[in-house]
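So you can see what is in the structure, the chains are spelled out below.
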Amino acid sequence: MNILLELFVVTFRVLWAFVLAAAKWLVRPKEKSVAGQVCLITGAGSGLGRLFALEFARRRALLVLWDINTQSNEETAGMVRHIYREMAEAAAAAPRAGDGEKDALTHCNLQVYTYTCDVSKRENVYSTAERVRKEVGEVSVLVNNAGVVSGHHLLECPDELIERTMMVNCHAHFWTTKAFLPKMLEMNHGHIVTVASSLGLFSTAGVEDYCAKKNGAVGFHESLSHELKAAEKDGIKTTLVCPYLVDTGMFRGCRIRKEIEPFLPPLKPEYCVKQAMRAILTDQPMICTPRLMYMVTFMKSILPFEAVVCMYRFLGADKCMYPFIAQRKQATNNNEAKNGI
């Protein structure tokens with residue numbers, strides 16, 4: 001009888017989860033505040049990482065920026081400081097509006113810290129994390145965003161590039177999370193964001209290393225989320241970000257069928273980050289952009305493999321990476337010829 005009762009309760013909770021999910025579509029949840037909280041972003045020097053930094057800055061978070069490229073990371077920091085100054089000036093110009101003086105003080109205290117870190121190296125991650133704890137404080141929001149792509153067919157890709165792609169796109173998530181999760185567990189407060197890809201949910205030809213690493217990042221994130229639930233640490237939230245092709249230049253040249261492309265163009269980076277921020281600030285566990293990606297993932301789960309192949313070929317998604325790989329190969333050959341190699 002006990003198991004029958006539990007089955008009834010589980011069925012009710014599952015149905016109730018559907019009701020709550022539907023309600024969130026109709027009534028937008030209130031966004032939480034991250035003002036004054038320490039937010040660490042990996043790969044902050046360009047692309048989505050830079051845009052995430054700017055969005056968190058506008059919400060008055062205290063930023064810690066990691067990137068292997070010191071110059072580009074400092075450029076992002078300069079943009080963040082500009083946002084901080086604008087907010088401080090606006091608050092100072094209207095000191096009587098609400099808690100103006102308190103807001104102005106908060107804006108003045110906001111700072112951005114930059115660290116040059118190669119997240120593919122475990123020791124570098126741990127040592128830089130220790131510096132952050134000493135110089136800034138404990139991290140409340142961790143955005144694992146850093147990513148690379150080799151741009152080679154499997155048999156043409158050097159082993160070193162495959163290993164680096166794995167280390168940056170997957171292993172780094174382990175090191176950063178192990179560095180900052182213990183304090184989150186102690187405080188039962190925090191948020192871990194994994195910026196993965198739609199290619200972590202379904203794959204395509206020619207980028208075996210990238211798909212494998214993003215699949216690994218998705219699996220890591222989902223398992224971590226279940227572990228936090230099992231430990232009843234409900235104060236620590238997780239958000240998995242899986243965008244479709246984003247127009248950041250990483251996959252320049254990637255093309256699907258020309259008749260389909262107008263209906264499924266590459267995402268604007270700003271749109272992708274705004275959608276992700278809405279999910280993060282409303283504690284949404286997962287966000288796929290655009291929403292069509294949910295349907296593609298569902299179809300992949302229920303269709304026979306040959307049916308998936310037929311669908312890919314119709315969309316032109318089976319070889320969509322080939323033009324990108326060809327461009328990368330040509331660029332590599334040109335560089336070698338230029339350098340006399």
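Refer to the structure presented above.
This section reports on the structure supplied with the text. (Residues numbered from 1 in each chain as written. Predicted model: local features only at pLDDT ≥ 70, side-chain atom pairs only at ≥ 80, totals over all residues. Heavy atoms only, no water.)

**Remarks on helix H2 (residues 47-58)**
Because an α-helix packs 3.6 residues into every turn, residues spaced three or four apart end up facing the same way.
No. 1: When the terminal C-alpha atoms of H2 are compared, their 17 Å separation across twelve residues agrees well with the 16 Å that a helix rising 1.5 Å per residue should span.
No. 2: In terms of burial, H2 is largely enclosed, as ten of its twelve residues are buried.
No. 3: Listed as buried for H2 are Leu48, Gly49, Arg50, Leu51, Phe52, Ala53, Leu54, Glu55, Phe56 and Ala57.
No. 4: Looking at the buried side of H2, the elements it contacts are strand S1 (38-42), strand S2 (62-67), helix H3 (70-93), strand S4 (141-144), strand S5 (190-195) and helix H8 (269-281). (Helix = DSSP H or I, 4+ residues; strand = E, 2+ residues; numbered from the N terminus. Expected span 1.5 Å × (residues − 1). Buried < 20%, exposed > 50% of the residue type's maximum accessible area, 1.4 Å probe, protein only. Contact = heavy atoms within 4.5 Å.)

**Considering the packing of H2 against H3**
No. 1: It is the contact of H2 with H3, at a shortest axis distance of 9 Å, that shows an interaxial angle of 20°. By the angle between their directions, the pair H2 and H3 is classed as roughly parallel. Our pair here, H2 against H3, has a crossing hand that is right-handed. Seen from H2, the contacting residues are Arg50, Ala53, Leu54, Ala57 and Arg58; seen from H3, they are Ser72, Glu75, Thr76, Met79, Val80, Ile83, Tyr84 and Met87. (Axes fitted to C-alpha atoms, helices over the stretch in contact; angles between N-to-C directions. Parallel < 35°, antiparallel > 145°, perpendicular 65-115°, else oblique. Left-handed = near helix turned anticlockwise from the far one by under 90°.)

**As for the pattern of salt bridges**
No. 1: A complete count under the given rule lists twelve salt bridges for this structure.
No. 2: The salt bridge involving lysine 274 is made with glutamate 55; its shortest N-O contact spans 3.2 Å. Taken as a pair, lysine 274 in helix H8 and glutamate 55 in helix H2 lie far apart in primary sequence, 219 residues in all.
No. 3: For lysine 274, a relative accessible area of 48% puts it in the partly exposed group.
No. 4: Judged by relative accessible area, which is 8%, glutamate 55 ranks as buried.
No. 5: With a closest N to O distance of 2.8 Å, arginine 133 and glutamate 130 form a salt bridge. Of this pair, arginine 133 and glutamate 130 both sit in helix H5 (residues 122-135), three residues apart, roughly one helical turn.
No. 6: Judged by relative accessible area, arginine 133 falls into the partly exposed class, the value being 25%. (Salt bridge = Lys/Arg side-chain N within 4 Å of Asp/Glu carboxyl O.)

**Regarding the side chain of glutamate 261**
No. 1: Examined against the element boundaries, glutamate 261 turns out to sit in the loop between strand S6 (236-243) and H8.
No. 2: A relative accessible area of 17% places glutamate 261 in the buried class.
No. 3: With near-sequence residues (within four places) excluded, glutamate 261 lies in contact with Cys254, Arg255 and Ile256.

**A look at the sheet that holds S4**
No. 1: With respect to topology, seven strands assemble into an open sheet ordered S3-S2-S1-S4-S5-S6-S7, the strand pairing being parallel. Strands with a single pairing partner mark the edges of an open sheet, and in this sheet they are strand S3 (112-116) and strand S7 (286-289). Each adjacent strand pair in this sheet contributes to an overall mean axis angle of 15°, direction not counted. (Pairing = 2+ DSSP bridges.)

**Points about the layout of surface pockets**
Any empty space left between the atoms is revealed when a probe the size of a water molecule rolls over them.
No. 1: Of the voids in this model, the largest pocket is the one considered here, and its volume is about 1,200 Å³.
No. 2: Taken together, 31 residues form the lining of the largest pocket, with Lys24, Asp283, Gln284, Pro285 and Met286 sitting closest to its centre.
No. 3: Looking at the lining of the largest pocket, the elements with two or more residues in it are helix H1 (2-26), helix H7 (208-230), S6, H8 and S7.
No. 4: It is H7 that provides the largest number of residues to the lining of the largest pocket, a total of six residues.
No. 5: Class assignment of the residues belonging to the lining of the largest pocket gives a composition of 14 nonpolar, seven polar and ten charged.
No. 6: Empty space within the second largest pocket amounts to approximately 980 Å³. (1 Å grid on protein atoms, 1.4 Å probe; cavity = no way out; pocket = protein on both sides within 12 Å on 5 of 7 lines; lining within 4 Å. Points joined across faces, edges and corners; volume = space filled by probe spheres on them. Nonpolar A, V, L, I, M, F, W, Y, C, P; charged D, E, K, R; others polar.)

**Considerations on the state of the cysteines**
No. 1: A complete count under the given rule lists zero disulfides for this structure.
No. 2: With no disulfide of its own, cysteine 211 has cysteine 320 as its nearest cysteine by sulfur position, at a separation of 8.9 Å.
No. 3: Free of any disulfide, cysteine 254 has its nearest cysteine sulfur in cysteine 320, 4.0 Å distant.
No. 4: Of the residues examined, cysteine 254 reaches a relative accessible area of 9% and is grouped as buried. (Disulfide = S-S within 2.5 Å.)

**Digging into unusual backbone geometry**
No. 1: For the bond running from threonine 289 to proline 290, omega is -5°, close enough to zero to count as cis.
No. 2: Along the chain, proline 290 turns up in the loop between S7 and helix H9 (292-302).
No. 3: The phi dihedral of asparagine 188 is positive, around 50°, even though this residue is not glycine.
No. 4: Relative to the helices and strands, asparagine 188 is located in the loop between helix H6 (159-187) and S5.
No. 5: Looking at asparagine 188, the relative accessible area reads 32%, which means it is partly exposed.
No. 6: For aspartate 283, which is not glycine, the phi dihedral falls at a positive 60°.
No. 7: Exposure remark for aspartate 283: the relative accessible area of 27% places this residue in the partly exposed category.

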